[in-house]
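Take a look at the letters that make up each chain.
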Amino acid sequence: MTIVPFSTPSDVSAATEMIRNHLDGGGLLAYPTETVYGLGSRATTEGVEALVDLKGRRAGKPFLLLVAGRDMAVSCGLRFTRSAEVLADFFWPGPVTLVLSGGEGHLPRTLRGPEGGIAVRWTSHAGIASLIAALGYPITSTSANRPGEPTAAGPTQIADQFAAAVSSGSMLVLDGGTLGNQPPSTVIDCTQRVPRIIREGAVTASELRDAAGSLAP
């Protein structure tokens with residue numbers, strides 16, 4: 001089965017072992033988040049390469065990492081500046097992605113962006129956060145679309161856009177229903193002492209400043 005029910009806690013629990021086996025075997029995943037549907041893999045060099053091939057993305061444009069808590073990010077060797085700590089306190093779990101330094105020896109170099117860091121988010125989607133916690137490792141994430149195309153709003157559109165991967169079983173689609181037209185996460189570079197916004201999305205610059213004051217970008 002390549003389209004898997006994923007709307008309720010019982011759905012998540014029933015699917016977890018199958019998803020684990022699929023990812024451990026090098027498979028790819030399409031899944032709902034708090035913003036849009038994402039595509040992902042295990043955070044390995046082979047997993048990232050498979051995701052690049054699936055999406056048809058240009059080389060050198062990195063994916064982000066979804067975690068189920070700050071401890072998981074730290075266990076991957078990622079380092080939080082004081083600003084990153086405060087921003088995570090206020091906005092994690094949620095649609096704020098922090099670009100963090102570190103990760104050497106734990107995460108593939110292909111996840112590292114032009115800032116020299118790795119983009120990471122603790123997702124507030126209850127099902128995906130629960131799944132990642134149960135897996136015990138992070139998964140990669142990129143929007144569920146081919147370059148230049150709109151992000152798929154649900155499993156039917158994903159199955160249409162990525163028909164070969166779905167029909168072959170190389171990609172599982174987690175059916176969390178149809179998502180609305182939500183903005184993507186806000187991305188903040190926290191690799192330096194003074195953070196900066198790379199992309200303003202679901203959380204605005206003014207909301208960041210209202211919460212984190214002088215430690216906001």
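A short tour of the structure in this document, coming up. None of the values given here were measured: they were computed from a predicted structure.

Rules used in this analysis
Residues numbered from 1 in each chain as written. Predicted model: local features only at pLDDT ≥ 70, side-chain atom pairs only at ≥ 80, totals over all residues. Heavy atoms only, no water. Helix = DSSP H or I, 4+ residues; strand = E, 2+ residues; numbered from the N terminus. Rg over C-alpha atoms; globule rule 2.2 N^0.38 Å. Buried < 20%, exposed > 50% of the residue type's maximum accessible area, 1.4 Å probe, protein only. Contact = heavy atoms within 4.5 Å. Areas by Shrake-Rupley, 256 points an atom, 1.4 Å probe, with all protein chains shown as cover. Lys, Arg positive; Asp, Glu negative; His and termini not counted. Charge placed at Lys NZ, Arg CZ, Asp CG, Glu CD. Core = buried A, V, L, I, M, F, W, Y, C linked by side-chain atoms within 4.5 Å. Salt bridge = Lys/Arg side-chain N within 4 Å of Asp/Glu carboxyl O. Phe/Tyr/Trp six-rings, centres within 6.5 Å; stacked < 30°, edge-to-face > 60°. Lys NZ or Arg CZ within 6 Å of the ring centre and 35° of its normal. Axes fitted to C-alpha atoms, helices over the stretch in contact; angles between N-to-C directions. Parallel < 35°, antiparallel > 145°, perpendicular 65-115°, else oblique. Nonpolar A, V, L, I, M, F, W, Y, C, P; charged D, E, K, R; others polar. Pairing = 2+ DSSP bridges.

Tallying secondary structure elements over the protein chain gives eight helices and eleven strands in all. Its C-alpha atoms give the protein chain a radius of gyration of 16 Å, within 12% of the compact-globule value 17 Å for 217 residues. By its C-alpha atoms, the protein chain is 50 × 35 × 35 Å across when sized along the principal axes. Scored against the burial criterion, the 217 residues of the protein chain give a buried share of 51%. Sequence separation of 24 or more characterises 66% of the internal contacts of the protein chain that already satisfy a separation of 6 or more. Here the protein chain displays about 9,500 Å² of accessible surface, and carbon together with sulfur accounts for 51% of that area. Each charge sign in the protein chain was given a centre, from 17 positive and 19 negative side chains, and these centres are 7 Å apart.

Counting residues in hydrophobic clusters, the biggest one holds 65 residues, and the most contacted among them are L98 and M171. No other element matches the five residues that helix 4 (residues 82-91) contributes to this core. If we ignore the near neighbours within four places in the chain, the residues touching L98 are F80, A84, L87, A88, W92, I118, A119, V120, I188 and C190.

With that settled, consider the pattern of salt bridges. Oppositely charged side chains may form a pair once their charged atoms are brought near each other. This structure, assessed with the given rule, holds seven salt bridges. Residue R79 is joined to E104 by a salt bridge in which the shortest nitrogen-to-oxygen separation is 4.0 Å. One end of the pair, R79, is in strand 5 (residues 78-79); the other, E104, is in the loop between strand 6 (96-102) and strand 7 (118-122), with 25 residues separating them in the sequence. The class of R79 is partly exposed, set by a relative accessible area of 46%. The closest approach of N and O atoms between R82 and E85, which form a salt bridge, is 3.4 Å. Here the residue R82 and the residue E85 both occupy positions in helix 4, the gap between them amounting to three residues, near one helical turn.

This part is about the packing of aromatic side chains. Counted under the stated rule, the structure contains two aromatic pairs. Ring geometry for F90 versus F91: centroids 6.3 Å apart, planes at 50 degrees, classification tilted. The class for F91 is buried, based on a relative accessible area of 14%. Across the ring face of Y137, the terminal group of R42 is positioned such that the distance to the ring centre comes to 3.6 Å. In this structure, R70 packs its charged tip against the face of F80, placed 5.3 Å from the ring centre.

Looking now at the packing of helix 4 against helix 8 (residues 205-212). At a minimum axis distance of 10 Å, the contact between helix 4 and helix 8 shows a crossing angle of 105 degrees. Considering the angle they form, helix 4 stands roughly perpendicular to helix 8. Counting all contacts with helix 4, which are made through V86, L87, F90 and F91, the residues of helix 8 involved are E207, L208, A211 and A212. Among the residues forming the contact of helix 4 with helix 8, the class breakdown is seven nonpolar, no polar and one charged.

Time to look at the pairing of strand 9 (residues 171-175). Burial within strand 9 is extensive, with four of its five residues counted as buried. Relative to strand 9, strand 1 (residues 3-5) runs parallel, the two sharing three bridges. For I3, the partnering residue across the bridge sits in strand 9 and is V173. As judged from the three bridges shared by strand 2 (residues 28-31) and strand 9, these two strands associate in the parallel manner. For L29, the partnering residue across the bridge sits in strand 9 and is L172.

A few words on the pairing of strand 4 (residues 64-67). Alternating residues of strand 4 divide into L64 and L66 and L65 and V67, and every residue in both groups is buried. Sheet topology places strand 4 next to strand 8 (residues 139-143); three bridges connect them, and they run antiparallel. Pairing of L64 across the sheet is with S141, part of strand 8. Sheet topology places strand 4 next to strand 7; three bridges connect them, and they run parallel. Residue pairing across strands places L65 opposite V120, the latter belonging to strand 7.

Let's shift gears to the side chain of T191. Note that T191 resides in the loop between strand 10 (186-189) and strand 11 (196-199). Its relative accessible area of 15% is what places T191 among the buried residues.

Any link to function would need more than the numbers given here.
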